[in-house]
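Chain by chain, the residues:
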Amino acid sequence: MEGKTVFVTGGAGYIGSHCCVELLNAGFNVVAIDNFTNCVETADHKAPALTRVEKITGKPVTFYKADLLDGDRLKKIFTQHKIDWVIHFAALKAVGESMQLPLQYYKNNLIGTINLLEAMQAANCYQLVFSSSCCVYGDPEKLPIEEDHPTGNVTNVYGRTKYFIEEMLKDLSKSNPKWNIISLRYFNPVGAHPSGLIGEDPTKEIHNVMPFISAVALGKKPHVTIFGSDYDTPDGTGVRDYIHVMDLASGHVAALKKLDTTPDLRFQVYNIGIGRGISVLELVTAFESATGQKVPLAKGERRFGDVGTLICDSSRALAELEWRPKYDLPTMCEDFWRWQTMNPNGYKGSGDEVTNGVAATNGN
C-alpha cells in the first residue's frame, strides 16, 4: 500500500488535516482539495493546516483549492494524478445551521458527492472511504448503537444528507461490483494533534462543544451555554461518545487497509467511537481538571434536532479493522488546550497570514 495515492476531500479541515498526518506517516501520497468553507487559507492561497501537516510529517501534500460543485474541475484533477483511494470528508456540517439552510446543505453535500463519484468513475477509481455520522441513527431505539440499528429517522438536515449519501452509496455498490466502499459513522471527535500545530479552528460561529469550552477558558466568551439540562441522562445534560481526532484519523488508515485486503467488500459501515458516554458536564469537569482553567456555565434551552444520548458499539471496527482508540478523555482535553494556548487565534498567527478572500488555486 505504501507509495499509493489517496485523494482527500476537505483535506484542510479539522478532521481532514489530522487524517493527512496519519496517511503520510503510513507511507501514502496525499492529494487534497478544499474550498475553505470550513477552514482558513493564507494570503498566498495555501492551507495553513496542510503546511503544518508537512512540518509534522516532513512529507509533502499536493493541494488544490477546488469545490465539489465544480464537476469539471474535479475530473481534471483526477486526470493529473493516479488516484488509488478516495477519502471523502468535505461537507457542510453544522446541525443547527442545517435546519436554517436546508437547500444549501442538500446542494453542497448531495450534489458535491455525486460529482465526486462521477469523477471517480471516469478515472476508473472505485475505492472510497466516506465520512458519515452517528446522526444517521436519529434518536436511538437502544444503546449502545450497533451498525445494524435502523437509520433514516433523522432529526436534522445535516444528518439526513449523510443518510441519503449512504443510501446512494449502497445503490451504487449494488449496481457495479467494482465499487468498494466503507462508510465510517463518526461519533464526536475532539482533541488535536499532540504537537499543538494543528487543531480545530472554526471559521464560523462556534457550534462544537470543545472549541466553545476552550474559548471560555481563554476569556473570549463569558460562559459555556448548556443546551438542555433536562434530558433523561444521569446529570440532565446531553451525553455523547467523544473520540480523539487522532484515533478517528487512524480509523481511516485502517479502513483503507480493509479495502485493500477485501476487494469484494462492496459496501460496509463501521462505528468509530470509544463506546463510552460522556455528558457535557463531565466534559467540562474533565477539561477544568486537565487544564487548571475554570469554565463558567449557563443553562439554555434544548436545540431543535438534538437528541439526549448517543453512544456507539464499536466492536465491529475493533474486530474487522484491527483498530484501537488510544487516547482517553484527559488526553483529549490536554491536547486541545495545547493547540489553543499555542494558537489562541487559530491559524491566524504564528506567521500564518490568513485571508478569507477568494483565492486562486494552489496547484496545477
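Quick caveat: nothing in here was measured; it's all calculated off a predicted structure. (Residues numbered from 1 in each chain as written. Predicted model: local features only at pLDDT ≥ 70, side-chain atom pairs only at ≥ 80, totals over all residues. Heavy atoms only, no water.)

1. Details of the overall build of the chain
Stated precisely, the cut-off is as follows: Each helix is a run of DSSP H or I of at least 4 residues and each strand a run of E of at least 2, with the numbering of both proceeding from the N terminus. Only the C-alpha atoms count toward the radius of gyration. The rule for a globule is 2.2 Å times the residue count to the power 0.38. Note on contacts: a residue pair qualifies if any of its non-hydrogen atoms lie within 4.5 Å across the two residues. Using a 1.4 Å probe, the Shrake-Rupley method yields the accessible areas, and only the shown protein chains count as cover for residues.
When helices and strands are tallied, the chain shows eleven helices and 16 strands. Relative to the compact-globule value of 21 Å for 364 residues, the chain shows a C-alpha radius of gyration of 19 Å, a close match. By principal-axis analysis of the C-alpha atoms, the chain measures approximately 55 × 50 × 40 Å. Contacts in the chain between residues at least 24 apart in sequence constitute 82% of all its contacts with a sequence separation of at least 6. As presented, the chain carries roughly 15000 Å² of accessible surface, and 48% of it is formed by carbon and sulfur atoms.

2. Considering the sheet that holds strand S4 (residues 62–65)
Inclusion rule: Here, a strand pair is defined by DSSP locating no fewer than two bridges between the strands. Here the axes come from fitting lines to C-alpha atoms, over the contacting stretch only for helices, and the angles between their N-to-C directions go from 0 to 180 degrees.
A sheet is described by the order of its strands in space; here seven strands give the open sequence S4-S2-S1-S5-S6-S7-S12, paired in parallel fashion. The sheet terminates laterally at S4 and strand S12 (267–272), the two strands that pair on one side only. Strand-to-strand twist in this sheet, taken as the mean axis angle between neighbours without regard to direction, amounts to 20°. The pairing of strand S2 (residues 29–34) with S4 spans four bridges and is parallel.

3. A closer look at the packing of helix H5 (residues 102–122) against helix H6 (residues 157–175)
To be explicit about the condition: Small angles under 35 degrees read as roughly parallel and large ones over 145 as roughly antiparallel, with 65 to 115 read as roughly perpendicular and the rest as oblique. Note on convention: the crossing is left-handed when the near helix lies turned anticlockwise from the far helix by less than a right angle, right-handed when the turn is clockwise.
Running from N to C, H5 and H6 cross one another at 25°; their axes reach a closest spacing of 9 Å. By the angle class used here, H5 and H6 are roughly parallel. Judged by the sense of rotation from one axis to the other, the crossing of H5 with H6 is right-handed. Facing Pro102, Tyr105, Tyr106, Asn109, Leu110, Thr113, Ile114 and Leu117 of H5, the residues of H6 in contact are Val157, Tyr158, Arg160, Thr161, Phe164, Ile165, Met168, Leu169 and Leu172.

4. Structural notes on the sheet that holds strand S13 (residues 278–279)
Taken in spatial order, the three strands of this open sheet run S13-S10-S15, and their pairing is mixed. Of all the strands in the sheet, just S13 and strand S15 (309–310) have a single pairing partner and so form its edges. The pairing of strand S10 (residues 239–240) with S13 spans two bridges and is antiparallel. In the strand pairing of S13, Arg240 is matched with Ile278.

5. Digging into H6
Condition: One less than the number of residues in a helix, times 1.5 Å, gives the span that helix is expected to have. Only protein chains enter the accessibility calculation, which uses a 1.4 Å probe; a residue whose area is less than 20% of its type maximum is buried, one above 50% is exposed, and one in between is partly exposed. Under the rule applied, a polar contact is a pair of N or O atoms within 3.5 Å (in protein, one hydrogen donor and one hydrogen acceptor; residues adjacent in sequence only if both atoms are side-chain atoms).
Look at H6: 27 Å from first C-alpha to last across 19 residues, which is about the 27 Å you get at 1.5 Å a residue. Residues Val157, Tyr158, Gly159, Thr161, Lys162, Tyr163, Ile165, Glu166, Leu169, Leu172 and Ser173 constitute the buried set of H6. The secondary structure elements touched by the buried residues of H6 are helix H4 (95–100), H5, strand S6 (127–133), strand S7 (180–186) and S12. By the N-cap criterion, in which a side-chain oxygen at the helix start approaches the backbone nitrogen of a residue two or three places on, H6 is capped by Asn156, the distance to Tyr158 being 3.4 Å.

6. Regarding the side chain of Ser17
Its location among the elements puts Ser17 in helix H1 (residues 14–25). What Ser17 contacts, discounting residues up to four positions off in sequence, is Gly11, Ala49, Leu50, Val53 and Ile198.

7. Observations concerning the packing of H1 against helix H2 (residues 48–57)
For clarity, the cut-off: When residues are grouped by polarity, Ala, Val, Leu, Ile, Met, Phe, Trp, Tyr, Cys and Pro land in nonpolar, Asp, Glu, Lys and Arg in charged, and all others, Gly among them, in polar.
Close contact between H1 and H2 brings their axes to 10 Å; oriented N to C, the two are set at 30°. In terms of orientation, H1 and H2 fall into the roughly parallel class. In the packing of H1 onto H2, the handedness of the crossing is right-handed. Mapping the contact onto sequence places Ser17, Cys20, Val21, Leu24 and Asn25 in H1 and Ala49, Leu50, Val53, Ile56 and Thr57 in H2. Its residues assigned to classes, the contact of H1 with H2 comprises seven nonpolar, three polar and no charged.

8. Section: H2
Within the span of H2, buried status applies to Pro48, Ala49, Leu50, Arg52, Val53 and Thr57. Residues of H2 that are buried make contact with H1, S2, strand S3 (41–42), S4 and helix H11 (329–342).

9. Examining the packing of aromatic side chains
Formally: Working definition: rings of Phe, Tyr and Trp (its six-membered ring) pair if their centres are within 6.5 Å, and the pair is stacked with planes under 30 degrees apart, edge-to-face with planes over 60 apart, and tilted otherwise.
The final tally for this structure, using the stated rule, is eight aromatic pairs. For the ring pair Phe7 and Phe78, a centre distance of 4.7 Å and an interplane angle of 50° mean the geometry is tilted. Taken together, the residues Phe7 in strand S1 (residues 5–9) and Phe78 in helix H3 (residues 71–80) connect sequence positions 71 residues apart. For the pair shown, Phe7 and Phe78 are each scored as buried. A ring pair is formed by Tyr163 and Phe164, whose centres lie 5.7 Å apart and whose planes are at 50°; its orientation type is tilted.

10. Description of the pairing of S2
Here is the rule: A clockwise course of the path from the first strand over the helix to the second, judged with the strands pointing away from the viewer, identifies a crossover as right-handed.
Most of S2 is tucked away: five of the six residues are buried. The pairing of S1 with S2 spans five bridges and is parallel. Looking at S2, one finds that Val6 is bridged to Val30. In this fold, S1 hands off to H1, which returns the chain to S2; that crossover is right-handed.

11. What about the pattern of salt bridges?
The following threshold applies: Here, a salt bridge means any side-chain nitrogen of Lys or Arg that lies within 4 Å of a carboxyl oxygen of Asp or Glu.
For the structure shown, the criterion picks out ten salt bridges. For the salt bridge of Asp306 with Arg303, the shortest nitrogen-to-oxygen distance reads 2.9 Å. Judged by its relative accessible area of 22%, Asp306 is partly exposed. Taking relative accessible area as the criterion, Arg303 reaches 36% and is therefore assigned partly exposed.

Such coordinate-based values are descriptive only and should not be taken to indicate function.
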